[in-house]
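Coordinates in review
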Amino acid sequence: MALIVAGVSHTTAPIEVREKLTFRPQDAVHQLAQLRAKGLIGEGVILSTCNRTEIYAVEQSNDALANVSSILSTRLGRDAASFMYVHRDHEATSHLFGVAAGLDSMILGEAQIQGQVKDAWEHCRAESGPILNRMFQSALLAASRARAETGIGRGAASVSSAAVQLAKKIFGSLAGRRAMILGAGDVAELSLECLLSEGVRVAIVANRTHERAQTLAERHGATAMHYDECWESLSDVDVLICSTASPVPVVTMARVGDAITARGDRPLCILDIALPRDVDVSVGDIDNVFLYDLDDLRSAAAANLEQRGEDVPAAREIIAAEVQKFWDWVAGLAAVPVVREFRDEMDRLRSTELAAAFRRLGPLSPEQAEAIEHFSRSLMNKFLHEPSVRLKAAAANGRGLGVVDAARYLFALENKTSSDSEQGDNTDIA
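Residues numbered from 1 in each chain as written. Predicted model: local features only at pLDDT ≥ 70, side-chain atom pairs only at ≥ 80, totals over all residues. Heavy atoms only, no water.

1. Here's the deal with unusual backbone geometry
- The omega angle of the peptide bond from Leu275 to Pro276 is 0°, so this bond is cis rather than trans.
- Examined against the element boundaries, Pro276 turns out to sit in the loop between strand E9 (268-272) and strand E10 (289-292).
- For Asp89, which is not glycine, the phi torsion reads 50° and is therefore positive.
- Topologically, Asp89 is positioned in helix H4 (residues 89-100).
- Here Asp89 falls in the partly exposed class, since its relative accessible area comes to 29%. (Helix = DSSP H or I, 4+ residues; strand = E, 2+ residues; numbered from the N terminus. Buried < 20%, exposed > 50% of the residue type's maximum accessible area, 1.4 Å probe, protein only.)

2. Observations concerning the environment of Arg145
- Residue placement: Arg145 occurs in helix H6 (residues 130-149).
- The exposure class of Arg145 is partly exposed, given its relative accessible area of 23%.
- When the C-alpha atoms of Arg145 and Ala315 are compared, they prove to be 8.3 Å apart, with 170 residues separating the residues in sequence.
- If we ignore the near neighbours within four places in the chain, the residues touching Arg145 are Thr150, Ile318, Glu322 and Lys325. (Contact = heavy atoms within 4.5 Å.)

3. Topic: the packing of helix H7 (residues 159-171) against helix H8 (residues 186-197)
- In the contact formed by H7 and H8, the axes pass within 8 Å of each other and the chain directions differ by 40°. Classified by the angle their axes make, H7 and H8 are oblique. With respect to the hand of their crossing, H7 and H8 are arranged in right-handed fashion. Contacts from Ser160, Ser161 and Val164 in H7 reach Val187, Leu190, Ser191, Cys194 and Leu195 in H8.
- Across the contact of H7 with H8, the residue classes tally to 5 nonpolar, 3 polar and no charged. (Axes fitted to C-alpha atoms, helices over the stretch in contact; angles between N-to-C directions. Parallel < 35°, antiparallel > 145°, perpendicular 65-115°, else oblique. Left-handed = near helix turned anticlockwise from the far one by under 90°. Nonpolar A, V, L, I, M, F, W, Y, C, P; charged D, E, K, R; others polar.)

4. Some thoughts on the confidence of the model for the protein
- Per-residue confidence for the protein averages 88 on the pLDDT scale, and 90% of its residues sit at or above 70.
- Here residues 417-430 scores under 50 on pLDDT; set against residues more than four positions off or in separate chains, the count is 21 contacts. (pLDDT = per-residue confidence, 0-100.)

5. Quick look at the packing of aromatic side chains
- Applying the stated criterion to the full structure yields 4 aromatic pairs.
- Ring centres 5.4 Å apart and planes at 80° place the aromatic pair Tyr56 and Phe136 in the edge-to-face group. Here Tyr56, found in strand E3 (residues 52-59), pairs with Phe136, found in helix H6; they are 80 residues apart in sequence, far enough to count as distant. Accessibility classification places Tyr56 together with Phe136 in one group, the buried group.
- Among the aromatic residues, those joined into a ring-pair cluster are Phe326, Trp327 and Trp329. (Phe/Tyr/Trp six-rings, centres within 6.5 Å; stacked < 30°, edge-to-face > 60°.)

6. Observations regarding the packing of helix H5 (residues 112-123) against H6
- At a minimum axis separation of 10 Å, H5 and H6 run at an interaxial angle of 165°. Considering the angle they form, H5 stands roughly antiparallel to H6. Crossing geometry of H5 relative to H6 is assigned as left-handed. In contact with Ile113, Gln114, Val117, Lys118 and Trp121 of H5, H6 contributes Leu132, Asn133, Phe136, Gln137, Leu140, Ala143, Ser144 and Arg147.
- Split by residue class, the contact of H5 with H6 holds 7 nonpolar, 4 polar and 2 charged.

7. Examining the sheet that holds strand E2 (residues 41-49)
- In space, the 4 strands of this open sheet follow the order E2-E3-E1-E4, with antiparallel pairing throughout. The open sheet has two edge strands, E2 and strand E4 (85-88), and neither has a second partner. Each adjacent strand pair in this sheet contributes to an overall mean axis angle of 15°, direction not counted.
- Note that strand E1 (residues 2-9) and E3 share 8 bridges and pair antiparallel. Residue Val5 lies in a different strand from E3, and its bridge partner there is Tyr56.
- Against the sheet, helix H3 (residues 64-76) makes contact with E1, E2, E3 and E4, and its axis sits at roughly 155° relative to E3, the strand it touches most.
- Contacting E1, E2, E3 and E4, H4 crosses the sheet at an angle of about 115° to E4. (Pairing = 2+ DSSP bridges.)

8. Points about a nonpolar patch on the surface
- Taken together, the side chains of Phe375, Leu379 and Phe383 present a nonpolar region at the surface, about 340 Å² in accessible area.
- Checked against the element boundaries, Leu379 lands in helix H13 (residues 366-396).
- Accessibility expressed as a relative area gives 35% for Leu379, which makes it partly exposed. (Patch = residues over 30% accessible without salt bridge, like charges linked within 9 Å, V, L, I, M, F, W, Y side chains within 5 Å. Areas by Shrake-Rupley, 256 points an atom, 1.4 Å probe, with all protein chains shown as cover. Salt bridge = Lys/Arg side-chain N within 4 Å of Asp/Glu carboxyl O.)

9. A word on the sheet that holds E9
- Taken in spatial order, the 6 strands make up an open sheet running E7-E6-E5-E8-E9-E10, and their pairing is parallel. One side of each edge strand has no neighbouring strand; the edge strands of this open sheet are strand E7 (223-226) and E10. Neighbour-to-neighbour, the strand axes of the sheet open up by a mean angle of 20°, direction not taken into account.
- Direction of pairing for strand E5 (residues 178-182) relative to strand E6 (residues 202-207): parallel, over a ladder of 5 bridges.

10. Some points on the side chain of Ser73
- Within the fold, Ser73 resides in helix H3.
- Classification of Ser73 by relative accessible area gives buried; the value is 15%.

11. Let's talk about the pairing of E6
- Of all 6 residues that make up E6, 6 are buried, and the element is covered over most of its length.
- The parallel pair E5 and E6 is bridged by H8, and the resulting crossover is right-handed.
- Pairing of E6 with E7, which is carried by 4 bridges, proceeds in the parallel orientation. Along E7, the bridge assignment pairs Ala206 with Met225. (Right-handed = clockwise from strand over helix to strand, strands pointing away.)

12. Re the environment of Val239
- Along the chain, the position of Val239 falls in strand E8 (residues 239-242).
- For the pair Val239 and Leu333, spaced 94 residues apart in sequence, the C-alpha separation works out to 54 Å.
- Dropping the residues within four chain positions of it, Val239 is found in contact with Ala167, Phe171, Leu174, Arg178, Ala179, Met180, Leu268, Cys269 and Leu271.

13. Considering the pairing of E3
- With 8 of 8 residues buried, E3 lies mostly within the body of the structure.
- Taking every second residue as pointing to the same face, both faces of E3 are buried, with Arg52, Glu54, Tyr56 and Val58 on one and Thr53, Ile55, Ala57 and Glu59 on the other.
- Here 8 bridges tie E2 to E3, and the two strands are oriented antiparallel to one another. Bridge assignment links Ser48 to a residue of E3, and that residue is Thr53.

This is the structure:
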């Protein structure tokens, strides 16, 4: 088994690259199904958020990575290799566990990524399997432990809260200000909560589905507005936060030009925390319009890193322990079929040599043949007992994969396959 993760994130690719590499859930499942149908991967999960797109896979072919890279390059419209990172086996597992715990997030320790990892796994369950199911389950457990046992998640750090802090740098205080939110998902709701906690006087929620906007607004004492009517209100608000799932910009010059002109010289802060971006970049060229996207939140992220950096080593220790547990489990899966292959190969040799011995001995009574047969089996079982026990025990103490590989080599089992070893543990552990 070979585990890989290939992808891009805010640490390797700017927003104009990341937004072209986003996957909707149905697109992710379709892409993984194609890779599996071609025999390139056995299992797969695609994690696609505002700050990363990553493809996790159990390889079945040496061409798997090249095809994954090709998928990203096709979506990007040019070679994606310069923006990509690739991790294998232990490093792939450590990477996922760190991502789930928020250690690789732009906002260190953010809590939203754990839910996004869970959602990505659940959306891709049709193309996942026992190895990735166990790995993602373990990643979520490691993330929960890191948050519970260290201070990595203290406070309310999130992309939404960082965006609101950026708005405060323009206005000094948001108390008494008016704000509008485009979108009605989890990020939009968190943004609304952050705005209200800063004393925003009037908060407006607009969404293509008015019922969702109304539900969110009622939950937090805000005002819901029909999507087609919200643009005129830009002449009155101070802060606009955009967090829709639109694949194309929704805040365009054609929609907001007149309303922004009517503002005169009053500043408007637009915080575009969607990916792909919601706001046409030309809107930021208008006088007194301050447009910020996800990559502009890095300064807020740097301040957050200083506050939480001291908790990173402890979180990494927890993750390392959980990674080792996962690979001990993998080693256990590998040990059982190897023990079976080992014993089957030895029994084949025993049968061959026994047949040759019978030919040399000449005619024997049934009782004599049975006694020799019993002796050969008993001797083989005694020879194999201790190696079998030790091989299984090695899988439980973290040395399993190394010992398994050594056993495969010593007994020439490298090129032998077992249906059991390929199937592994098909138990649904979710």
